[in-house]
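Observations on chain architecture
What follows is the residue order along each chain.
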Amino acid sequence: MRNAEIASLFNEFADLLELRGDDRYRIARYRTAAARVEHHPEAVEELAQEGRVEEIPGIGKSLGAKIVEYFETGKIEALEELRQQAPAGATTLMNIPGIGPRRAMLLAQRLGIETVQQLEGALESGAASELPGMGEKVARRILDEVRRLKTRSQRLPLGVALAAAEEVVNTLRELKAVLDVTPAGSLRRMKETIGDVDILVSSRRPEAVVDAFTRMPGVREVLAAGGTKASVLTRADLQIDLRVG
């Protein structure tokens with residue numbers, strides 16, 4: 001499970017470097033490292049403890065040192081510095097479908113947008129559509145995504161979310177490709193209300209797990225699906241995010 005965690009950090013490195021227009025080869029190096037760590041058959045935390053993290057293909061001294069630093073201190077100083085340098089709100093905007101690093105920078109720097117609410121206002125007023133590379137068609141599509149995101153982010157009582165999540169977890173546990181499955185995020189912390197459900201799965205056949213996950217009977221809509229992760233919307237209007245490591 002920690003492999004996916006490190007992969008997420010390396011992908012964030014790449015996003016933040018892209019935001020500031022860094023060298024594309026350096027950005028690609030982090031993306032490649034993220035994929036290789038996520039799909040490596042051994043636990044990256046154990047490799048770090050044993051001083052063997054550089055055995056992962058594509059992980060040299062610099063990236064290896066960052067992995068070790070994270071497990072020893074709980075953070076990566078270089079990543080913290082990049083986070084501080086990024087325009088306020090830019091990384092938040094990048095999480096919205098249709099907004100990549102370039103558009104996030106434009107929206108943050110030209111319009112001073114820091115929140116999803118501010119973005120919605122700029123899209124509705126037409127201010128965002130006047131930015132280079134946007135236009136009315138793109139702005140309308142992003143506005144649709146923002147509105148869908150607001151609908152999906154409505155929090156549900158723990159009891160409702162827990163019942164839906166348990167059904168998914170039990171279904172996944174029956175798959176031969178699944179080695180282990182566990183809820184994460186606010187559900188694992190048993191918060192009173194839940195925005196969405198995060199589920200972590202350990203498997204040597206991630207694509208089979210993702211395929212089965214998106215085909216479950218309770219799925220109303222597949223929001224995204226890739227080789228190791230997917231997001232679906234259930235008939236109870238609960239968003240469930242899956243990550244396979």
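In case you missed it, the structure is sitting above this.
In this report, we go over the structure that sits alongside the text. None of these values were measured; they are calculated from a predicted model.

Taken residue by residue, a regular strand's side chains alternate between the two faces of the sheet. Counting buried residues along strand β7 (residues 239–244), 5 of its 6 residues qualify, which places the element largely inside the surrounding structure. Of the strand pairs in this sheet, strand β4 (residues 196–203) and β7 are connected by 6 bridges, and their pairing is parallel. Each residue of the ladder has a partner; that of Val201, found in β7, is Val244. Pairing analysis gives 5 bridges linking strand β6 (residues 229–234) to β7, with the strands arranged antiparallel. Bridge assignment links Lys229 to a residue of β7, and that residue is Arg243.

Here the focus is the nonpolar core. Core analysis: the biggest nonpolar cluster contains 50 residues, and Phe10, Ile67, Leu119 and Leu123 have the highest contact counts within it. Broken down by element, this core gets its largest block of residues, 9 residues, from helix α1 (residues 2–19). With sequence-adjacent residues up to four places away left out, Phe10 is seen in contact with Tyr30, Ala33, Ala34, Val37, Ile59, Leu63 and Ile67.

Let us look at the sheet that holds β4. Ordered by their spatial adjacency, 5 strands build an open sheet running β2-β4-β7-β6-β5, and the pairing between neighbours is mixed. Every interior strand has two partners, whereas the edge strands, β2 (178–184) and β5 (219–225), have only one. Recorded for the sheet is a direction-independent mean angle of 20° between the axes of neighbouring strands. Here β5 pairs with β6 via 5 bridges, running antiparallel. Directly across from Glu221, in β6, lies its bridge partner Leu233.

This part covers the layout of surface pockets. For the second largest pocket, the calculated volume is near 390 Å³. Residue lining of the second largest pocket: 21 residues in total, with His40, Pro41, Ser202, Ser203 and Gly245 positioned closest to the centre. If you list the elements that add at least two residues to the lining of the second largest pocket, you get α1, α2 (24–39), α3 (44–49) and β4. Counted by class, the lining of the second largest pocket contains 7 nonpolar, 8 polar and 6 charged residues.

Between α1 and helix α5 (residues 77–85), the shortest axis-to-axis distance is 10 Å and the interhelical angle comes to 40°. Between α1 and α5, the angle is such that the two are oblique. Regarding α1 and α5, the two cross each other, and that crossing is left-handed. On the side of α1, the interface is formed by Leu9, Glu12, Phe13, Leu16 and Leu17, while α5 contributes Ala78, Leu79, Leu82 and Arg83. For the contact of α1 with α5, the per-class residue count stands at 7 nonpolar, no polar and 2 charged.

Here the focus is the packing of aromatic side chains. Each pair of aromatic rings is reported with the distance of its centres and the angle of its planes. Under the criterion given, the structure shown has 4 aromatic pairs. Summarising the aromatic geometry, the rings of Phe10 and Tyr30 are spaced 5.8 Å apart at their centres and angled 70° between planes, so their arrangement reads as edge-to-face. Of this pair, Phe10 sits in helix α1 while Tyr30 sits in helix α2; the two residues are 20 residues apart in sequence, bridging distant segments of the chain. Residues Phe10 and Tyr30 agree in their burial class; the two are buried.

So, on to the pattern of salt bridges. The full count for this structure, using the stated rule, is 15 salt bridges. In this structure, Arg83 engages Glu80 in a salt bridge whose closest nitrogen and oxygen atoms are separated by 2.9 Å. Separated by 3 residues within a single helix, Arg83 and Glu80 lie in helix α5, roughly one turn from each other. A relative accessible area of 24% places Glu80 in the partly exposed class. Bridged by salt links that share partners, the residues Glu42, Glu50, Arg52 and Glu55 form one connected network.

Analysis parameters
Residues numbered from 1 in each chain as written. Predicted model: local features only at pLDDT ≥ 70, side-chain atom pairs only at ≥ 80, totals over all residues. Heavy atoms only, no water. Buried < 20%, exposed > 50% of the residue type's maximum accessible area, 1.4 Å probe, protein only. Helix = DSSP H or I, 4+ residues; strand = E, 2+ residues; numbered from the N terminus. Pairing = 2+ DSSP bridges. Core = buried A, V, L, I, M, F, W, Y, C linked by side-chain atoms within 4.5 Å. Contact = heavy atoms within 4.5 Å. Axes fitted to C-alpha atoms, helices over the stretch in contact; angles between N-to-C directions. 1 Å grid on protein atoms, 1.4 Å probe; cavity = no way out; pocket = protein on both sides within 12 Å on 5 of 7 lines; lining within 4 Å. Points joined across faces, edges and corners; volume = space filled by probe spheres on them. Nonpolar A, V, L, I, M, F, W, Y, C, P; charged D, E, K, R; others polar. Parallel < 35°, antiparallel > 145°, perpendicular 65-115°, else oblique. Left-handed = near helix turned anticlockwise from the far one by under 90°. Phe/Tyr/Trp six-rings, centres within 6.5 Å; stacked < 30°, edge-to-face > 60°. Salt bridge = Lys/Arg side-chain N within 4 Å of Asp/Glu carboxyl O.

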